[in-house]
Amino acid sequence: MHNFLEKLFGWFYPLLLKINLGDTVSSYCSLIFNILILCFLSYFIYIIFRLLLVTVLALVAKKTKTKFDDLLVSNQTAKYIAHLIPFLFIYKSVPVILEHYVYWESMFGKFVGIYIILLSLWIIRSVLKAIRDYLKEQPRFSDKPIDSYIQVIMIVLWIYGISIIISKLFEINKNTLLGTLGAISAVIILIFRDTILGFVASVQVSLNDMVRIGDWITFDKFGADGDVIEINLATVKVRNFDNTTTTIPTYSLISDSFRNWRGMLDSDGRRIKRHILVKANTVKFLTDDELQKMKQIQLLADYINTRQTEINKYNTTYNVDKSILINGRNITNFGLFRKYITNYLEHYPGLNKNMLLLCRQLQPTAQGIPLEIYAFSKDQRFVEYEYIMSDIFDHIIASVPYFDLELYEMPSDNSHFAN
């Protein structure tokens, strides 16, 4: 290669000497001529290799079934390689062209070498991006933080590349430079604190399977409530349900508390936990006539007959005076309402009967007695879940008057409707 370059760039200088232009003039004229030849050949090499590499890779990508070569094309890997080849030619030609200009040979050679290093890193980056995009399309890697791994690799390569650039610029031995960097590691750790924390966090998140791409998470501290769309070294991006995007520092996933809804989505049901407030002054004992009327409700007929038999037996055994309802055992409208809701939930097709299902009374409040529904819907999807829950409570609210109960509502001033 060196002999070829000497023949290519060394013939013009002797020719100028033969026509008696003088050593100095011949040297400068030869230098200008060789630089022009170098620029022309470099551009020609670039055009040829760009045409060959880009075109060939595009044709191969079209004919092959694999997606990886298409991703190399989209990430412009061939284009960057086509840029690298002419600069390698320039790097080899500089010592020959500037043989008699030692200072400029050293300076120009350093800058060309630095550009080659940066271009090489760019090529590696484009290949890694293609690998990242390819792995993201594979089902077993789709929920893994591939971006974090790629970024870590690139950080290591950039540190190594920068150390080579510094050693070239200042002519420092690489081992000496790395030793110096080790001595100032405390400063480096301080500068790259967030990056190091992000790397450690991303590894822990991946190993512990805390978050995957596609998971629905809720992070109150950052106002995030939506699906994870990206996990990289420094941040986790969440697309909220209002179509906004929240960016969360990766290390916050291990330092703060957040909620991941994946377990619910992977389970057999999504929890319904909601209550209504019943006025305490509407709760009462039911008379035999009222119970007879309640038997018209099909879900309660058998229950009322069974309970009446048990209660009558108890009251007879203990000779209870039933002239006053409070004596002995009785059935209340509120208790009957709870039983009705329980039976209704057990017959509702949208609920998972293999999971916990109950209607319970909570601690009374100043607004009334909370009656809570605790059950699990079969369908975990947001729209279907909301429909099931609303349908259940529509029926419950409409059923309240049949039991002579009332729901609590804040008092309102309707005096302006009087006229």
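Report on the accompanying structure. (Residues numbered from 1 in each chain as written. Predicted model: local features only at pLDDT ≥ 70, side-chain atom pairs only at ≥ 80, totals over all residues. Heavy atoms only, no water.)

Examining unusual backbone geometry
In this structure, Asn-243 takes a positive phi of about 70° despite not being glycine. Mapped onto the fold, Asn-243 is located in the loop between strand 3 (235-240) and strand 4 (245-249). At Asn-319, a residue that is not glycine, the phi angle is positive and equals roughly 50°. Note that Asn-319 resides in the loop between helix 14 (298-317) and helix 15 (333-347). (Helix = DSSP H or I, 4+ residues; strand = E, 2+ residues; numbered from the N terminus.)

A word on the environment of Ser-255
Mapped onto the elements of the fold, Ser-255 is located in helix 11 (residues 252-255). A distance of 3.1 Å separates a polar atom in the side chain of Ser-255 from the backbone oxygen of Tyr-251. (Polar contact = N/O pair within 3.5 Å; in protein donor to acceptor, adjacent residues only side chain to side chain.)

Description of the packing of aromatic side chains
Following the criterion strictly, the structure yields 13 aromatic pairs and no others. One aromatic cluster is present, built from ring pairs that chain together Phe-337, Tyr-340, Tyr-344, Tyr-348 and Phe-403. The ring of Trp-122 has Arg-125 sitting right over it, with the charged end atom 4.8 Å from the ring centre. In this structure, Arg-329 is placed above the aromatic ring of Tyr-314, and the distance from its NZ or CZ to the ring centre is 5.4 Å. (Phe/Tyr/Trp six-rings, centres within 6.5 Å; stacked < 30°, edge-to-face > 60°. Lys NZ or Arg CZ within 6 Å of the ring centre and 35° of its normal.)

Considerations on the sheet that holds strand 8 (residues 369-377)
Across the sheet, three strands lie side by side as 6-8-7; this open sheet has antiparallel pairing. Two strands bound the open sheet, and with one partner strand each, they are strand 6 (270-278) and strand 7 (358-361). Between one strand and the next, the sheet's axes are offset by a mean angle of 20°, whatever the strand orientation. Pairing of strand 7 with strand 8, which is carried by four bridges, proceeds in the antiparallel orientation. Each residue of the ladder has a partner; that of Cys-359, found in strand 8, is Ile-373. Its contacts with the sheet place helix 16 (residues 382-399) against strand 6 and strand 8, and it is angled at close to 30° to strand 6. (Pairing = 2+ DSSP bridges. Axes fitted to C-alpha atoms, helices over the stretch in contact; angles between N-to-C directions. Contact = heavy atoms within 4.5 Å.)

Observations regarding the nonpolar core
Counting 35 residues, the largest nonpolar core has Leu-336, Phe-337, Ile-341, Leu-351, Ile-392 and Phe-403 as its most contacted members. Looking at this core, the elements that each hand over two or more residues are strand 6, helix 13 (288-294), helix 14, helix 15, strand 8 and helix 16. For this core, the element with the highest residue contribution is helix 15, accounting for seven residues. When neighbours within four sequence positions are excluded, Phe-337 is seen to be in contact with Ile-276, Leu-371, Ile-396, Ser-399, Val-400, Phe-403 and Leu-405. (Core = buried A, V, L, I, M, F, W, Y, C linked by side-chain atoms within 4.5 Å. Buried < 20%, exposed > 50% of the residue type's maximum accessible area, 1.4 Å probe, protein only.)

Examining the sheet that holds strand 1 (residues 216-219)
The five strands lie next to each other as 4-3-2-1-5, forming an open sheet whose pairing is antiparallel. If you trace the sheet from one side to the other, it starts and ends with strand 4 and strand 5 (259-260), each paired once. One ladder, built from five bridges, connects strand 3 with strand 4; its direction is antiparallel. Bridging across to strand 4, Lys-237 finds its partner in Thr-247.

Description of the pattern of salt bridges
For the coordinates displayed, the defined rule picks out eleven salt bridges. When the shortest N-O distance is used, the salt bridge between Asp-404 and Lys-284 registers 3.3 Å. With Asp-404 in the segment after helix 16 and Lys-284 in the loop between strand 6 and helix 13, this residue pair connects regions lying 120 residues apart in the sequence. Owing to a relative accessible area of 41%, Asp-404 belongs among the partly exposed residues under this scheme. For Lys-284, a relative accessible area of 30% corresponds to the partly exposed category. Among the ionic contacts, a cluster of salt bridges with common partners joins Lys-273, Arg-360 and Glu-372. (Salt bridge = Lys/Arg side-chain N within 4 Å of Asp/Glu carboxyl O.)

Quick look at the side chain of Asn-240
The residue Asn-240 is located in strand 3 in this model. From its side chain, Asn-240 meets the backbone nitrogen of Asp-225 in a polar contact 2.8 Å long. Ignoring sequence-local partners within four residues, the contact set of Asn-240 consists of Gly-223, Ala-224, Asp-225, Gly-226, Thr-245 and Thr-246.

Here's the deal with the environment of Asp-227
Structurally, Asp-227 is set in strand 2 (residues 224-231). By relative accessible area, which is 31% here, Asp-227 ends up partly exposed. With residues near it in sequence (within four places) discarded, Asp-227 still touches Gly-214, Asp-215, Trp-216, Lys-237, Val-238, Arg-239 and Phe-241.

Some points on helix 16
Taking 1.5 Å per residue as the helical rise, helix 16 with its 18 residues ought to reach 26 Å, and the 26 Å between its terminal C-alpha atoms agrees with that figure. Within helix 16, burial applies to Tyr-385, Ile-388, Met-389, Ile-392, Phe-393, Ile-396 and Ser-399. The arc enclosing the buried residues of helix 16, seen along the axis, measures out at 120°, which places them on a common side. Facing away from the buried side of helix 16, by more than 90 degrees, are the exposed residues Val-383, Tyr-387 and Asp-394. Its buried side turned inward, helix 16 meets strand 6, helix 15 and strand 8. (Expected span 1.5 Å × (residues − 1). Arc of directions from axis to C-beta.)

Such coordinate-based values are descriptive only and should not be taken to indicate function.
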